[in-house]
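# Architecture and fold: a report
Now for the letters of each chain:
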Amino acid sequence: MAEDEQSGIAPRSFLTCVTEVTQLLGFGDVTMEPKGRHARHLADAVRKPLLERASLPEEWYAPLMAAAVYDPDPSFCRWFVEPAVYAFGRRRVMAALVDYLRVGTDAERAGAVRAWYSAHVPLHADRSPAYGPGGIRDPALDETQDIKAAWLEASMQVFAEATDLQMRHRVLLDLHTSRAAHIRRWAAAADHEGA
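This write-up is about the structure you can find in this document. (Residues numbered from 1 in each chain as written. Predicted model: local features only at pLDDT ≥ 70, side-chain atom pairs only at ≥ 80, totals over all residues. Heavy atoms only, no water.)

Regarding its fold elements, the chain presents ten helices and zero strands. Reading the chain from its N end, one meets helices and strands in the order α-α-α-α-α-α-α-α-α-α. Relative to its 195 residues, the chain shows a buried fraction of 42%. Summarising the internal contacts of the chain: among those between residues at least 6 apart in sequence, 70% fall at separations of at least 24. For the chain, the accessible surface area stands at approximately 10800 Å², while carbon and sulfur atoms represent 54% of it. (Helix = DSSP H or I, 4+ residues; strand = E, 2+ residues; numbered from the N terminus. Buried < 20%, exposed > 50% of the residue type's maximum accessible area, 1.4 Å probe, protein only. Contact = heavy atoms within 4.5 Å. Areas by Shrake-Rupley, 256 points an atom, 1.4 Å probe, with all protein chains shown as cover.)

It is worth spelling out the nonpolar core at this point. Core analysis: the biggest nonpolar cluster contains 55 residues, and Leu-50, Phe-80 and Leu-97 have the highest contact counts within it. Looking at this core, the elements that each hand over two or more residues are helix H2 (14-24), helix H3 (35-51), helix H4 (61-70), helix H5 (78-88), helix H6 (90-103), helix H7 (106-118), helix H8 (145-161) and helix H9 (165-174). With eight residues, the single largest contributor to this core is H4. When neighbours within four sequence positions are excluded, Leu-50 is seen to be in contact with Val-21, Leu-25, Leu-56, Trp-60, Leu-64, Trp-79, Phe-80 and Pro-83. (Core = buried A, V, L, I, M, F, W, Y, C linked by side-chain atoms within 4.5 Å.)

Our focus in this paragraph is the packing of H8 against H9. At a closest axis distance of 9 Å, the pairing of H8 and H9 adopts a crossing angle of 150 degrees. With respect to H9, the axis of H8 lies roughly antiparallel. Seen along the crossing, H8 lies across H9 with a hand that is left-handed. From H8, Trp-151, Ser-155, Val-158 and Phe-159 reach across to H9, where they touch Met-167, Arg-168, Val-171, Leu-172 and Asp-174. (Axes fitted to C-alpha atoms, helices over the stretch in contact; angles between N-to-C directions. Parallel < 35°, antiparallel > 145°, perpendicular 65-115°, else oblique. Left-handed = near helix turned anticlockwise from the far one by under 90°.)

The subject of this paragraph is H6. Between the first and last C-alpha of H6 there are 20 Å, a value that for 14 residues agrees with the 20 Å anticipated at 1.5 Å per step. For H6, every residue scored as buried is listed here: Arg-90, Val-93, Met-94, Ala-96, Leu-97, Val-98, Tyr-100 and Leu-101. Looking at the buried residues of H6, the elements they touch are H4, H5, H7 and H8. (Expected span 1.5 Å × (residues − 1).)

Before going further, it helps to examine the environment of Glu-108. For Glu-108, the position within the fold is in helix H7. Excluding its chain neighbours within four sequence positions, the residues that come into contact with Glu-108 are Val-69, Tyr-70 and Tyr-100.

As a further point, take the side chain of Ser-118. Along the chain, Ser-118 falls in helix H7. With a relative accessible area of 5%, Ser-118 lands in the buried category. Those residues in contact with Ser-118, other than ones at most four positions away along the chain, are Pro-74, Cys-77, Arg-78 and Val-81.

Per the counting criterion, the structure on display carries five salt bridges. Its salt-bridge partner being Arg-78, residue Glu-82 comes within 3.5 Å of it at the nearest N-O pair. Separated by four residues within a single helix, Glu-82 and Arg-78 lie in helix H5, roughly one turn from each other. According to the relative accessible area criterion, Glu-82 is buried, its value standing at 2%. Between Arg-91 and Asp-146 there is a salt bridge, and its shortest N-O distance comes to 2.7 Å. Of the two residues, Arg-91 sits in helix H6 while Asp-146 sits in helix H8, which places them 55 residues apart along the sequence. Judged by relative accessible area, Asp-146 falls into the partly exposed class, the value being 43%. (Salt bridge = Lys/Arg side-chain N within 4 Å of Asp/Glu carboxyl O.)

Bringing the packing of H6 against H7 into the picture now. It is at 8 Å that the axes of H6 and H7 come closest, and there the two elements cross at 150 degrees. Considering the angle they form, H6 stands roughly antiparallel to H7. Once H6 is placed against H7, the crossing between them reads as left-handed. Side by side, H6 and H7 meet where Met-94, Leu-97, Val-98, Tyr-100, Leu-101 and Arg-102 of the first sit next to Glu-108, Arg-109, Ala-112, Val-113, Ala-115 and Trp-116 of the second. Here the contact of H6 with H7 is composed, by residue class, of nine nonpolar, no polar and three charged. (Nonpolar A, V, L, I, M, F, W, Y, C, P; charged D, E, K, R; others polar.)

What follows is the structure in structure tokens.
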């Protein structure tokens, strides 16, 4: 049972998360559509305004990450990941996804796996005013080697512990083939634990 269900708090949904982002942007009521399409409509409405900002307030970070993780479509979660990467740095975005993978619900873990791919979005000075004058960006914002190692470790842990075969499959597909030695060691450990 998810923590939200245990505490009596309604579980989050993509609609809830994207509505929070639209409210932060100061959007008024957006025309209501059927529930599934309404969330996508809101996401489409905030995409461009998020990228057009040179910076985003700190209090927008968690709602953007939640919207990225709860977006059920791996192609569209980028609409939240990309502005977060530009505004807060790839390092911080990836670290949040590692946290979701480590301690999130199964739905959040699946969302983190979907969003992880988008966190690798190439950064271009002409794509966002988040870059300083002359296309300058602090390289520390995007240094991720240790975060990628943490993702690999968390992925292996989720794979070893997950009872949901779909979750194990998602995590396995996300691992880079260049990590073949890690995967073999991981698979051997998982087989050993299961024996």
